[in-house]
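# What the coordinates show
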Amino acid sequence: MAESMKGLHRSCRCAEVTAQAVGQKLTLMGWVQKARDKGSIIFVDLRDRTGIMQVIFENGSVSDEDFKKAGTLRAEFVIAVTGVVEKRRGEANPNLATGDIELRAESMRILSEAEVPPFPIEENSRTKDEIRLKYRYLDLRRPDLQRNLMLKSRVMMLTRQFFAKEGFLEIETPMLGKTTPEGARDYLVPSRIHPGCFYGLPQSPQLYKQLLMCSGFDRYIQIARCFRDEDLRADRQPEFTQIDMELSFVDVDDVIDVNERFLAYLFKEVLGVTVSLPIPRITWQEAMDRFGSDKPDMRFGMELCDVSGLVKDCGFSVFTGALASGGTVRGINAKGQGGMPRKKIDKLVEFAKGYGAKGLAYIAITAEGEVKSSFGKFMTEDEMKALIAAMKGEPGDLLLFAADKKKLVWDVLGALRLEIAKDMGILDKNEFCFVWVTEFPLLEWSEEEGRFTAMHHPFTMLMEEDLSLLDTDPGAVRAKAYDIVLNGNEIGGGSVRIHQDDIQERMFKELGFTPEEAHKQFGFLLDAFTYGVPPHAGLAYGLDRLVMLMAGCDSIRDVIAFPKVKDASCLMTEAPTRADDKQLAELSLKIAEPEGAEE
Ligand code: ASP
């Protein structure tokens, strides 16, 4: 039977007890990790969020009744034990923070009994994800998940502390609002009072934070929940958290400066890692040319090399054909991989095809310097030599080439570079390589829509020197937009905003908005700008991804208490669920049943 807390008071948490407490009488509470009954002595590992304390119940030290109770303990029972801290008589356990002490119980209460859990509560569980998520409240008892959420809590606390010191104000923005143009679908919330009308859950606080700048708050920060109804993709969550900020009277360098200091502070405080400042910056163009990605992993080289000029007259039609149709030929040098078995190279070719490549050409140089190539027979010896030299190929290297449209070649080699690095095991999770990627293109051509779309969002300012290009070559206009990238992950991004109405109008025109449409969607922001708007800029971090990398996890699920699965449902609560008829009637809604759905 579950006993009460009456008259009991917890002294501290399990692993907060140190050897200095030997001789003290303490009351600890927590979950039974393990109970071992050795007859006249019972060992219990007591667990809470800090760790484990070994408790011993010895016949004679506790009352007969409590000793009997101790004999009934099973995993996950919740108990309170009062006893004296002693030095461990048995061998110390070097794996536990409290490994050289134990609590000799004097009395005990069972606060709650427990069913046998569907999986053991232990680190690195091998239980299937579906089961773990269905019983997420049990999964969350595991020490690794507890550590992750504690780390996240600390990151949030330090974030608030840092930005408060820098003069930022924490201001909340609405959840029930108007849609924001971040490029994904909105989650809509029907209004009962306004039948047929909907609120949009924020994809980000973008418009509101810009309005706060118009109102004069000049430095805003918020740890903001955001919602994006995107198509199914692994490791995306429909709701996630941003560290969102906006600053007035600033340009690119000011935003970068305060954020570099923030990152250095955070990594030092949380992980003891020194981030050397300034963080390197590369332009988007350079990132694509060197790494084939706008979020380059800078922990290793294997950079892309443009060999178009070298092979333009060679006899290999895959190369010359790609060049003739306006494409490019580029390669990477996988150092030391020249001995890769043919089968594995074929796998890389398949991998490249997954990214749209028609194939992959290779040169493998054996340790002895022998050259084996998929296209050697189409090249003269001199051409081969020149190509290998351009790629800095040495005995033992594997050179891989893609020939196609530039964007495709970037994608293929960018992905291949990462795949090979993963395979070679050269990616160290404990190495943190930051880089700012700047000068993103302002616009991106959408084949689907037959027009330009904003690469960041419609309020992003272009580089002043590119203004005239807006008329002649819009695709070449660079934006005052920047991303902060960590180990190949975009952890944050932002931009300087347009605060001049003529440029904003021009931008809307480019994006295919009529003035009426622009006004209908963003009228309140455009109006606000007519009453005196400071130049402003901002940035938002994806908090979950940042914490995931800091915690060394592979999935953002591991740093979110109650995540959703790929189809945006929650396996524990079974949300989303159908609304009942009364609710629907109140909202003036009727469901158009999808075709084939059961009544
Ligand atoms: N609102 C942007 C985003 O969510 C970030 C920013 O521009 O501040 O990506």
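Anyway, here's the lowdown on the structure attached to this text. Source: prediction; values computed, not measured. (Residues numbered from 1 in each chain as written. Predicted model: local features only at pLDDT ≥ 70, side-chain atom pairs only at ≥ 80, totals over all residues. Heavy atoms only, no water.)

### Describing the environment of M150
Checked against the element boundaries, M150 lands in helix α4 (residues 143-165). Along the primary structure M150 and T453 are separated by 303 residues, whereas in three dimensions their C-alpha atoms are 40 Å apart. (Helix = DSSP H or I, 4+ residues; strand = E, 2+ residues; numbered from the N terminus.)

### What to know about empty space enclosed by the protein
In total, this model carries two cavities of 30 Å³ or more according to the counting rule given. What lines the largest cavity is simply L133, R136, F562, P563, V565, C570, L571 and M572. Classifying every residue of the lining of the largest cavity by side-chain character gives seven nonpolar, no polar and one charged. The volume enclosed by the second largest cavity comes to roughly 40 Å³. Lining the second largest cavity are F291, S293, K295, P296, D297, G414, R417, L418 and G488. In terms of residue count, helix α12 (residues 406-424) provides more of the lining of the second largest cavity than any other element does, three residues in total. Considered class by class, the residues forming the lining of the second largest cavity number three nonpolar, three polar and three charged. (1 Å grid on protein atoms, 1.4 Å probe; cavity = no way out; pocket = protein on both sides within 12 Å on 5 of 7 lines; lining within 4 Å. Points joined across faces, edges and corners; volume = space filled by probe spheres on them. Nonpolar A, V, L, I, M, F, W, Y, C, P; charged D, E, K, R; others polar.)

### Remarks on the state of the cysteines
Under the criterion given, the structure shown has zero disulfides. You can see C214 has no disulfide; the closest cysteine sulfur is in C226, sitting 20 Å from it. For C570, which is in no disulfide, the shortest distance to another cysteine sulfur is to C553 and amounts to 19 Å. Using a relative accessible area of 9% as the deciding quantity, one classes C570 as buried. (Disulfide = S-S within 2.5 Å. Buried < 20%, exposed > 50% of the residue type's maximum accessible area, 1.4 Å probe, protein only.)

### Notes on the pattern of salt bridges
Opposite charge on two side chains permits them to pair, given that their charged atoms come into close proximity. The final tally for this structure, using the stated rule, is 54 salt bridges. Note that D297 is salt-bridged to R299, the shortest N-O span being 2.7 Å. The exposure class assigned to D297 is buried, which follows from its relative accessible area of 2%. Residue classification places R299 among the buried positions, given a relative accessible area of 16%. One network of salt bridges, in which partners are shared, links D129, R132, R136, D139, R142, D144 and R557. (Salt bridge = Lys/Arg side-chain N within 4 Å of Asp/Glu carboxyl O.)

### Some remarks on the sheet that holds strand β3 (residues 51-58)
Taken in spatial order, the five strands of this closed barrel run β1-β2-β3-β5-β4, and their pairing is mixed. Across the sheet, the mean angle separating the axes of adjacent strands is 55° when strand polarity is ignored. Inspection of the sheet shows strand β4 (residues 78-87) paired to strand β5 (residues 101-112) by 10 bridges, in the antiparallel sense. Counterpart to V85 in the pairing with β5 is L103. (Pairing = 2+ DSSP bridges. Axes fitted to C-alpha atoms, helices over the stretch in contact; angles between N-to-C directions.)

### Concerning a nonpolar patch on the surface
A cluster of nonpolar side chains, M175, L176 and Y199, forms an exposed patch at the surface whose accessible area comes to about 250 Å². Its place among the elements puts L176 in the loop between β6 (169-170) and β7 (188-190). (Patch = residues over 30% accessible without salt bridge, like charges linked within 9 Å, V, L, I, M, F, W, Y side chains within 5 Å. Areas by Shrake-Rupley, 256 points an atom, 1.4 Å probe, with all protein chains shown as cover.)

### A look at the environment of G177
Position of G177 among the secondary structure elements: in the loop between β6 and β7. Overall, the relative accessible area of 13% leaves G177 in the buried class. C-alpha of G177 to C-alpha of L201: the two residues are 24 residues apart in sequence and 6.2 Å apart in space. Each residue touching G177, except ones within four places of it in the same chain, is listed here: Y199, G200 and Y208. (Contact = heavy atoms within 4.5 Å.)

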